[in-house]
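The residues making up each chain are set out below.
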Amino acid sequence: MALFSFFAGWISYLLICLLGLIFIAFLCFCLYIKYIHLKYDHIPGPPRDSFLFGHLPTIQREMSNDRVIHDKFLEWAETYGPVYRINGMHAVMLCVTCPDTTKEVLMSPKYPKGKYSVVLLLHRFFGNGLVTAQNHEEWYKQRRIMDPAFSSLYLRGQMGAFNERAEKLMDKLADMADTNTAANMQHMFNCVTLDVITKVTVTSCYPQIPTLPLQFILSVIKLHLFVYLTLYPKNKKFINEVKKSCQLLRSTGRQWINERKMAVQNGEDVPKDILTQILKTAGKANDDEELMLDNFVTFFIAGQETTANQLAFAVMELGRLPEILTKVRQEVDDVLGMKQEINFDDLGKMTYLSHVLKETLRLYPTAPGTSRFIPNNIVINGIPIPAGVTCVFNSYVCGRLDKFFEDPLKFDPERFHPDAAKPYYCYYPFSLGPRSCLGQSFAQMEAKVVMAKLLQRFDFSLLPGQSFDILDTGSLRPKSGVVCNIRHRGQTPAA
Ligand code: HEM
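The structure presented is a predicted model; accordingly, all values stated were derived computationally and were not measured.

Procedures and definitions
- Once a new chain begins, its residue numbering starts again from 1 and follows that chain's sequence as written.
- Two thresholds apply to this predicted model, a pLDDT of at least 70 for residue-level local features and 80 or more for giving and counting side-chain atom pairs, whereas whole-chain, interface and lining totals are computed over all residues.
- Helix and strand assignments come from DSSP, with helices taken as H or I runs of at least 4 residues and strands as E runs of at least 2, each series counted from the N terminus.
- Whether a residue is buried, exposed or partly exposed is read from the other C-beta atoms within 10 Å of its own C-beta, which are placed from the backbone; 20 or more gives buried, 12 or fewer gives exposed, and intermediate counts give partly exposed.
- Any residue whose C-beta atom, as set from the backbone, lies within 6 Å of a molecule or strand is reported as near that molecule or strand.
- We call Asp, Glu, Lys and Arg charged. Ala, Val, Leu, Ile, Met, Phe, Trp, Tyr, Cys and Pro are nonpolar, and the rest, Gly among them, are polar.
- UniProt positions are given in the numbering used here, feature names are shortened, and annotations may be inferred rather than shown by experiment.
- C-beta atoms are placed from the backbone for every residue, and two residues are taken to be in contact when these atoms lie within 7 Å.
- DSSP bridges decide pairing: two strands pair if at least two such bridges lie between them.
- Axis lines are fitted through C-alpha atoms, for helices just across the contact stretch, and the angle between N-to-C directions can take any value from 0 to 180 degrees.
- Angle categories: roughly parallel below 35 degrees, roughly antiparallel above 145, roughly perpendicular from 65 to 115, and oblique for all the rest.
- Working rule for handedness: look at the near helix, and if it is turned counterclockwise from the far one by less than a right angle, call the crossing left-handed; if clockwise, right-handed.
- What a helix should span is 1.5 Å times the count of its residues minus one.
- Any nonpolar core is a set of buried residues, restricted to Ala, Val, Leu, Ile, Met, Phe, Trp, Tyr and Cys, that join up through C-beta atoms within 7 Å.
- The predictor attaches a confidence to each residue, and that confidence, scored 0 to 100, is pLDDT.

### What about the overall build of the chain?
Reasoning step 1: A count of helical and extended segments in the chain gives 18 helices and 13 strands.
Reasoning step 2: Burial analysis of the chain (495 residues in total) assigns 38% to the buried set.

The following block contains the structure:
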């Protein structure tokens, strides 16, 4: 008994000490937050929801109400100007729309990328791949190796793959037109872009990648902070599905990389495709296998949904703007006529189609933002900014500010006519500078081939009663899925 009370006494004493320590740590953390507030509160910004959580409750509220969080950022940009502050506990994020700062920061290698989720649900996902690598030297080495697979010369050689995969989509649409089946265009575009990136990544052996709910993955990148904070039991099924998808994508990648490695070791002639370039990003270290997988995953995610969603938004806008549809279709007819195979020179001639695709990304930038860490003191729009913050550059916000684009909600491809004033560091759907999108030309060639074939072959009309809302799952996509009735326009073009 005496022994029991002795131990009980000690345990209570230790518990009190532990609670005291936790309380002191919490107090220190609060003091640190206060210090951060004092340091950055001269920068304008919306009132905080709370001392501790800053603006996080508003952000979480907006996201859980199925609203587009970027609309809140836009509203704040209109109210608080070219630079405003958002707090989340001890972290400060500056939302910047000032073109001069956008130019200075994004165009310079001096400012490293803001921290991303390199681990998704405790599993390595993007890791240190191209999109997420923070160390400049590590990133630069990978980028130099990957560049040849995206050079203009190499991409010209991929026109066959773009045509072939787009034809597969046209066949499916033709079946749907024959059977009067409504087409969910976002789904159809997701299939074609997955098909293209698979074909272009592993040109020789072309195994079918397992169909993955890839679109879930990005939403979890956005959500997982909150999932961890709140541990909603209702998210469990969804989270498990995403975990499985991530593991499946990485294990498929591992298998393909190993097969290609064996082929190289056996002296076989391997194509100079994205997979071969990915192999070159690795050195001898064990961790380099993981780096190859990081890049494999990066290309599949970066190269698929973004383009598919751009195409779906373009169809959504063309479906409700008959004049623009007629004009762009006329251009496609003039350039292609009844020809089936689109060549590289044809793409250059379809300039109005380029303007339509650019305007689509102004209103619906499918990868809406990027961030940079600011390691030194700078001045933004006359406001001194102490070092140590992250600046966020949001192309959704810039694209919809009327100080940059007159009547911003109007879909008007003429904004990108060569005679129109060029947007000055306020239009950057592919980001800008050294860390800009490596797949920009790839994506726009692919989008043009698919769109041109669609316009050449089919009439489409949006099903009535669809909402034109945007779903914000990290990458923006049309909420309705853009469901269309498809009809043949006339004769099928000859090969
Ligand atoms: C409409 C389609 C696309 C859009 C809007 C888009 C947009 C972007 C943006 C905004 C970034 C910068 C991300 C950041 O700073 O965090 C980026 C980076 C990147 N994108 Fe794309 N992208 C598209 C298609 C593609 C495609 C098709 C590929 C590859 C096949 C690709 C590969 C990459 C890579 C590798 C990076 C990282 C570049 C680096 O940091 O060096 N993207 N993209």
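Next comes the rest of the description.
### Quick notes on the site of the ligand
Reasoning step 1: Within the structure, the ligand sits among 24 residues, and Gly 303, Thr 306, Thr 370, Cys 437 and Gly 439 are positioned closest to it.
Reasoning step 2: Every element with two or more residues in the shell around the ligand is listed here: helix H12 (287–302), helix H13 (305–320) and helix H18 (440–457).
Reasoning step 3: In the shell around the ligand, the residues fall into 13 nonpolar, nine polar and two charged.

### Quick look at the UniProt feature "transmembrane region" (unreviewed entry) in the chain
Reasoning step 1: Those places that UniProt annotates as "transmembrane region" (unreviewed entry) correspond, in this numbering, to residues 6–33.
Reasoning step 2: In residues 6–33, helix accounts for 100% and strand for 0%; the two terminal C-alpha atoms are 41 Å from one another.

### Brief notes about the UniProt feature "binding site: heme" (unreviewed entry) in the chain
Reasoning step 1: Feature annotation in UniProt places "binding site: heme" (unreviewed entry) on Cys 437, given in this structure's numbering.
Reasoning step 2: Following the sequence through the fold, Cys 437 ends up in the loop between helix H17 (395–399) and H18.
Reasoning step 3: Beyond its immediate stretch of four places on either side in the chain, Cys 437 contacts Phe 430 and Ser 431.

### Quick look at the sheet that holds strand S10 (residues 458–462)
Reasoning step 1: An order of S5-S13-S10 is seen for the three strands of this open sheet, with the pairing classed as antiparallel. The sheet terminates laterally at strand S5 (183–184) and S10, the two strands that pair on one side only.
Reasoning step 2: The sheet contact formed by S5 and strand S13 (residues 483–488) spans two bridges and is antiparallel. Paired with Ala 183 across the two strands is Cys 484, which belongs to S13.

### Overview of the sheet that holds strand S6 (residues 369–374)
Reasoning step 1: Strand order across the open sheet formed by four strands is S1-S2-S9-S6, with mixed pairing between neighbours. Looking along the sheet, the strands with just one partner apiece sit at the ends: strand S1 (83–88) and S6. The sheet shows a mean angle of 30° between the axes of neighbouring strands, taken without regard to direction.
Reasoning step 2: Pairing of strand S2 (residues 91–96) with strand S9 (residues 389–394), which is carried by four bridges, proceeds in the parallel orientation. From the neighbouring strand, Leu 94 faces S9, where its bridge partner is Cys 391.
Reasoning step 3: Contacting S2, S6 and S9, helix H4 (residues 99–106) runs over the sheet at an angle of about 115° to S9.

### What to know about unusual backbone geometry
Reasoning step 1: With a phi angle near 55°, Asn 180 is a residue other than glycine that sits in the positive phi range.
Reasoning step 2: Relative to the assigned elements, Asn 180 resides in the loop between helix H7 (159–178) and S5.
Reasoning step 3: Phi is positive for Asp 407, which is not a glycine, with a value near 45°.
Reasoning step 4: You can see Asp 407 is positioned in the loop between H17 and H18.

### Examining the environment of Ala 133
Reasoning step 1: Mapped onto the fold, Ala 133 is located in the loop between strand S4 (123–124) and helix H5 (136–146).
Reasoning step 2: Once the C-alpha coordinates of Ala 133 and Gly 114 are considered, the two residues, 19 residues apart in sequence, prove to be 9.8 Å apart.

### Some details on the packing of H7 against H18
Reasoning step 1: The geometry of H7 relative to H18 is characterised by a closest axis approach of 10 Å and an angle of 40° between their N-to-C directions. It follows from the interaxial angle that H7 and H18 lie oblique. Here the hand of the crossing between H7 and H18 comes out right-handed. Together, Phe 162, Asn 163, Ala 166, Leu 169 and Met 170 of H7 and Met 445, Glu 446, Val 449, Val 450, Lys 453 and Arg 457 of H18 make up the contact between the two elements.
Reasoning step 2: Residue composition of the contact of H7 with H18, by class: seven nonpolar, one polar and three charged.

### Re H7
Reasoning step 1: If you check H7, its first and last C-alpha atoms are 28 Å apart, about what 20 residues at 1.5 Å a residue would give, namely 28 Å.
Reasoning step 2: Where H7 ends, the next residue or the one after it, Asn 180, has phi of about 55°, a positive value.

### What about the environment of Val 68?
Reasoning step 1: Locating Val 68 in the fold gives a position in the loop between helix H2 (56–64) and helix H3 (69–80).
Reasoning step 2: On a C-alpha basis, the gap between Val 68 and Asp 472 in space is 5.4 Å, while along the polypeptide they are 404 residues apart.
Reasoning step 3: In this structure Val 68 touches Ile 470 and Asp 472, once residues within four positions along its chain are discounted.

### Here we look at the environment of Leu 130
Reasoning step 1: Tracing the backbone through its elements, the reader meets Leu 130 in the loop between S4 and H5.
Reasoning step 2: Residue classification places Leu 130 among the buried positions, given that 22 C-beta atoms sit within 10 Å.
Reasoning step 3: With 165 residues separating them in the primary sequence, Leu 130 and Asn 295 have C-alpha atoms 6.4 Å apart.

### Side note on the nonpolar core
Reasoning step 1: Ranked by size, the top nonpolar core spans 74 residues in total, and within it Leu 311, Ala 312, Val 315, Leu 353, Val 450, Met 451 and Ala 452 carry the most contacts.
Reasoning step 2: Considering every element that reaches this core, the biggest residue donor is H18, with ten residues.
Reasoning step 3: Leaving out residues up to four positions away in the same chain, Val 450 has contacts with Ala 166, Leu 169, Val 192 and Leu 311.
Reasoning step 4: One finds Ala 77, Ile 86, Val 96 and Ile 374 within the second-largest nonpolar core, a separate group that totals 27 residues.

### Here's the deal with the pairing of S9
Reasoning step 1: As defined by bridge partners, S6 adjoins S9 across six bridges and the pair is classed as antiparallel. Across the sheet, residue Gly 369 finds its bridge partner in S9, namely Asn 394.

### Quick notes on the confidence of the model for the chain
Reasoning step 1: Residues of the chain with pLDDT of at least 70 account for 86%, and the chain-wide mean is 85.
Reasoning step 2: Averaged over each element, pLDDT in the chain is lowest for strand S3 (residues 119–120) (38) and highest for helix H16 (residues 351–363) (98).
Reasoning step 3: Taken together, the stretch residues 210–215 has pLDDT below 50 and engages in twelve contacts with residues farther than four places along the chain or on a different chain.

### Quick look at the packing of H13 against H18
Reasoning step 1: Here H13 crosses H18 at 40°, and the two axes come no closer than 10 Å. The orientation of H13 relative to H18 falls into the category oblique. Relative to H18, the crossing made by H13 is right-handed. Of the residues in H18, those in contact with Thr 306, Thr 307, Gln 310, Leu 311 and Ala 314 of H13 are Ala 443, Glu 446, Ala 447, Val 450 and Met 451.
Reasoning step 2: Considered class by class, the residues forming the contact of H13 with H18 number six nonpolar, three polar and one charged.

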